[in-house]
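Here are the chains, one letter per residue:
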Amino acid sequence: MAPTRKSEGLLARVNFPLYTLQMLTSRHVLVGGGGGSAKTGVANGFEIFELSYDGTRFSAEEVIRHETGPKVVMNSACFSDKKSTFLVAGQESHCQLYRVGISVEKEVSEESMNGTSDPPNLRHRKTSKNHQNGISEVTNNVKKKLVFKFNSGDSIQSDFSEKEPCQRVVTISRCGGWMATGGTDGIVRIWSFPGLRMIRALKAHTKELDDLHFSPDSKQVASVAKDGQAIIWELKSGKQIHKLDWTHPTGIKYLFKRCRFGVVEGKGCRLFTTANPVAGGKEAQGWIHAWDDGRISKSTAVSEPTSALAVRDDGVFIAIGTMFTGSVSIYIAFSLQRVLHVEGAHSMFVTGVELLPCSSAWGAIEAAALSISVDNRVCIHSLPFRKTLPPWLVIIIILFTLLFTFVLCSFIGL
């Protein structure tokens, strides 16, 4: 049975509702949101926090805050390579591109400034110098930390609904050459990236988009909308590859809610989706499905409708957030077995989840999920390495079983 917790670590609290969550580097998390264009005094924008782990608990330090004026940030996506880092943010009917400048700033410790020296047995923390990994380095009382600067680039209109145009979702391919947007007009638009030139418009859905995601090989894109359809498209041709179909055994009508591709070793990729009932309250169940070549390979029920979905970069774990209790759960991807459940992680519905990248920097933590909500909180939920029997004990158990079987067979004359 998966361990259940009532609450988990609060990393940070901001002064505006949160709607989008991204890992900017392996240690830096970006959150965005706001109060909208109404003059309520609630800011709009995003913040970056640097994560650290001391072997016992996670903590977060605010790095930068960027306000976006009257435009709330409802969705976002990040891309980084060895040369550049980009952020795209959905602001009403437009998609705003930011070029993120990353530099190293040196901070001299107070002890060094005061002329005091360290004890001879004190070891300074040294970590990787790879700035894209967002890791600080401490040497000779000088701490090197990353500093971020947001430079506004192109802003393109990505939704053209006649009534209330609004971009609902944006995603960037792993190769960094494609971007996909979807909004209230139901059209999936594919753009070159970072040039933001529209390649094609897929008339995919009759209602607004709920989610989009590229496959790990950047050859396919999946779309989910409020018309109940979930479709996998081929990027090169723009043709439909699979139209996903699932009917609940009892006949209750369900709509797909979220979609995420994950890596599967030796098999390429797998698509994960969540589905919620059209009608029903707190007692209604949600569902998670794993799809291979357009067919369901695994499925499991969730105690309530879901609102967020994430897959770890190595495809080993998935995480979900829920609508009514604000709970967060982590599952093993290949079996959909739940291994961690955090009941009431937030006081309201979860608006975003992200799994920390697989890294030895997290020590005894096998997986960790970040979550946000309109309750203004950024939380983290960690799964310690599950206990396994030592090899010597397994060998003893096997030998004992063989011996017992031999004695039993001799006793009954076999």
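Here, every reference points to the structure presented above.
Here's a quick rundown of the structure.

Analysis parameters
- Residues numbered from 1 in each chain as written.
- Predicted model: local features only at pLDDT ≥ 70, side-chain atom pairs only at ≥ 80, totals over all residues.
- Heavy atoms only, no water.
- Salt bridge = Lys/Arg side-chain N within 4 Å of Asp/Glu carboxyl O.
- Helix = DSSP H or I, 4+ residues; strand = E, 2+ residues; numbered from the N terminus.
- Buried < 20%, exposed > 50% of the residue type's maximum accessible area, 1.4 Å probe, protein only.
- Polar contact = N/O pair within 3.5 Å; in protein donor to acceptor, adjacent residues only side chain to side chain.
- Pairing = 2+ DSSP bridges.
- Axes fitted to C-alpha atoms, helices over the stretch in contact; angles between N-to-C directions.
- Contact = heavy atoms within 4.5 Å.

Topic: the pattern of salt bridges
All told, the structure shown has 10 salt bridges when counted by the stated rule. The residue glutamate 208 makes a salt bridge to lysine 226 at a minimum N-O spacing of 3.5 Å. Remark: lysine 226 occurs in the loop between strand 17 (220-225) and strand 18 (230-234) and glutamate 208 occurs in the loop between strand 15 (198-202) and strand 16 (209-214); sequence separation between them is 18 residues. For glutamate 208, a relative accessible area of 19% translates into the label buried. In this structure, aspartate 375 and arginine 377 form a salt bridge, with 3.6 Å as the shortest nitrogen-oxygen distance. Counted as one network, the salt bridges with shared partners bring together Arg168, Glu208, Asp210 and Lys226.

Structural notes on the side chain of histidine 341
Considering the arrangement of structural elements, one finds histidine 341 in strand 27 (residues 337-342). At 2.7 Å, the side chain of histidine 341 forms a polar contact with the side chain of serine 329. Among the polar contacts made by the side chain of histidine 341, one reaches the side chain of glutamate 343 at a distance of 2.7 Å.

Considerations on the sheet that holds strand 14 (residues 188-192)
Pairing in this open sheet of four strands is antiparallel, and the strands run 12-13-14-15 from one edge to the other. Edge positions in the sheet fall to strand 12 (167-172) and strand 15, since each has one partner strand and no second. Within this sheet the neighbouring strands show an average axis-to-axis angle of 20 degrees, counted without direction.

With respect to the environment of isoleucine 172
Within the secondary structure, isoleucine 172 sits in strand 12. Under the relative-accessibility criterion, isoleucine 172 is labelled buried at 11%. Ignoring anything within four residues of it in the chain, the contact list for isoleucine 172 reads Ala77, Cys78, Phe79, Val88, Trp178, Met179, Phe193 and Phe214.

So, to be careful, I would describe these as geometric facts and stop short of saying anything about function.
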